[in-house]
Amino acid sequence: MIGKDIKKAAEIIKSEGIVAVPTETVYGLAANALSKKAVSKVFAAKGRPSHNPLIIHLADTDDLPIYCREIPPKSRLLLEAFSPGPLTLVLPKTDFVPEMVTGGMTNVAVRIPAHPMMLELIRECGFPLAAPSANPSGFISPTSPMHVLKGMSGKIDYILDGGNCEAGLESTIIGFYDGIPVVLREGVISRGEIEKLIGKVRTLSNDKILSPGMMSSHYCPRTPLLLSENIVDAIGKIPKMKIGLITYGGIYKGLPEDCQISLCQNEEFSIAARNLYAAMHELDERGYDLIIARRFPDHGIGVAINDRLFRASIKL
Ligand code: TXA
Ligand code: MG
């Protein structure tokens, strides 16, 4: 079920099976992007609505024109700077991409991941891999083979073990609409890094038509999660509950140490991103009444961390 055998993973995918695969962001659930039968298994295993499209993963930028009809100059700049890596581009699709992959949309999301095992797997297969995150729809994304097993056991054919994901948070998604760049999902690459290269990018304002997956509730643990700017205040208001705390920059003195996880020391927020989903999985298993998460400063990768925590949180 779990192993490091890339050839075996490729054989399963070639025979239209589905395999959980490591990437530098989160684990994906991969299928042959050109096989409707295989892609339908991914939707079924995740319980994902068929209108919510999948990202296709390629090994080489050179293959992009096979699947994307237009590659605007600004998207090329992003590719040169950030691929392979945690960048997903949404571009007009060619007829090679089945509509099932794009949820009926005329654009396709493409990404060249940086994990060496994933790149080798794509090359071994010889076709692109459609892969959403390898979690049941709406639940916390997996950053280790154990997280995948917890959510998808019995529903998938194999887990290719590539260790813990280095970035720990999903890719940044930039869509191009009539050549104009729009941030569809905040991610590992910050808006600042993107804008330094291609100038101002627009923001998706809850436009479900552009990106159906960006619904507000997502990445949820089973335990209710409260996102708070001020944890002292939040804890003070909630008496008599078993609380687990996700914080950063060291342990919070007002609660026992063993019921909290500090995601990073000081302000190393890329380390916090790497640890975020593992902390959510871990606290979710411990049976608290409530998880409180401390809001991060809204700069750099803190923006993407807050985005995930907000989507995971109960809205009061
Ligand atoms: O880091 C990542 O991007 C991971 C790894 C496995 O590559 N993948 C991932 O896939 O996060 P998923 O399916 O969990 O999230 C992809 C998001 C969804 O919100 C989906 O709606 C959006 O991308 N998306 C996919 N294709 C799209 C398209 N053609 N147009 C607009 N949004 C699209
Ligand atoms: Mg996902």
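Cut-offs applied
Residues numbered from 1 in each chain as written. Chains lettered and ligands numbered in written order. Predicted model: local features only at pLDDT ≥ 70, side-chain atom pairs only at ≥ 80, totals over all residues. Heavy atoms only, no water. Domains from an automatic or database assignment. Contact = heavy atoms within 4.5 Å. Buried area = accessible area lost by both parts, 1.4 Å probe. Salt bridge = Lys/Arg side-chain N within 4 Å of Asp/Glu carboxyl O. Polar contact = N/O pair within 3.5 Å; in protein donor to acceptor, adjacent residues only side chain to side chain. Nonpolar A, V, L, I, M, F, W, Y, C, P; charged D, E, K, R; others polar. Axes fitted to C-alpha atoms, helices over the stretch in contact; angles between N-to-C directions. Helix = DSSP H or I, 4+ residues; strand = E, 2+ residues; numbered from the N terminus. Parallel < 35°, antiparallel > 145°, perpendicular 65-115°, else oblique. Left-handed = near helix turned anticlockwise from the far one by under 90°. Near = heavy atom within 4 Å. Areas by Shrake-Rupley, 256 points an atom, 1.4 Å probe, with all protein chains shown as cover. Core = buried A, V, L, I, M, F, W, Y, C linked by side-chain atoms within 4.5 Å. Buried < 20%, exposed > 50% of the residue type's maximum accessible area, 1.4 Å probe, protein only.

Taken domain by domain, the protein holds domain 1 (2-203) and domain 2 (225-312). With centres defined by C-alpha atoms, the gap from domain 1 to domain 2 works out at 28 Å. At the junction of the two partners, domain 1 supplies 20 residues and domain 2 supplies 16 residues. It is I140, L169 and E186 in domain 1 that bury the most area against domain 2; as a group they hold 39% of the surface buried on that side. Counting across the domain 1 and domain 2 interface gives 2 salt bridges. With a closest N to O distance of 3.0 Å, R308 and E170 form a salt bridge. Where domain 1 meets domain 2, there are 8 residue pairs in polar contact (both at pLDDT 80 or more). Residues belonging to the side of domain 1 that touches domain 2 are distributed by class as follows: 8 nonpolar, 7 polar and 5 charged.

Their axes nearest at 10 Å, the elements helix α4 (residues 73-82) and helix α7 (residues 191-198) cross at an angle of 125°. The angle between α4 and α7 places the two elements in the oblique class. Handedness of the α4/α7 crossing: right-handed. Only E193, I194, L197 and I198 of α7 make contact with α4, whose side of the interface consists of K74, L77, L78, A81 and F82. Among the residues making up the contact of α4 with α7, the classes are represented as 7 nonpolar, no polar and 2 charged.

Turning next to the site of ligand 1. Close to ligand 1 lie 27 residues; T25, N52, H57, S171 and R185 are nearest. Between ligand 1 and R48 there is a distance of 2.9 Å, counted from an oxygen atom to a side-chain nitrogen or oxygen. Between H57 and ligand 1, the recorded distance is 2.7 Å, taken from a side-chain N or O atom to an oxygen atom. Considered on its own, ligand 1 offers 680 Å² of accessible surface; in the complex 98% of this is hidden by protein. Within the residue set of the shell around ligand 1, elements represented by two or more residues are β4 (55-57), β6 (107-111) and β10 (180-185). A per-element tally of the shell around ligand 1 places β6 first, with 4 residues. Considered class by class, the residues forming the shell around ligand 1 number 14 nonpolar, 9 polar and 4 charged.

Counting residues in hydrophobic clusters, the biggest one holds 63 residues, and the most contacted among them are I56, L78, L89, L121, L129 and I194. Per element, the largest residue contribution to this core is 6 residues, and it comes from helix α5 (residues 116-125). Beyond its immediate chain neighbours, meaning those up to four positions away, L89 contacts S75, L78, L79, V108, A109, V110, I174 and F176. Within the second largest apolar cluster, 43 residues are counted, among which are L225, L226, L290 and I292.

Our next topic: helix α2 (residues 36-46). Turning to α2, its buried residues number three or more, namely A38, V39, V42, F43, A45 and K46. Just past α2, the residue G47 takes up positive phi, approximately 65°.

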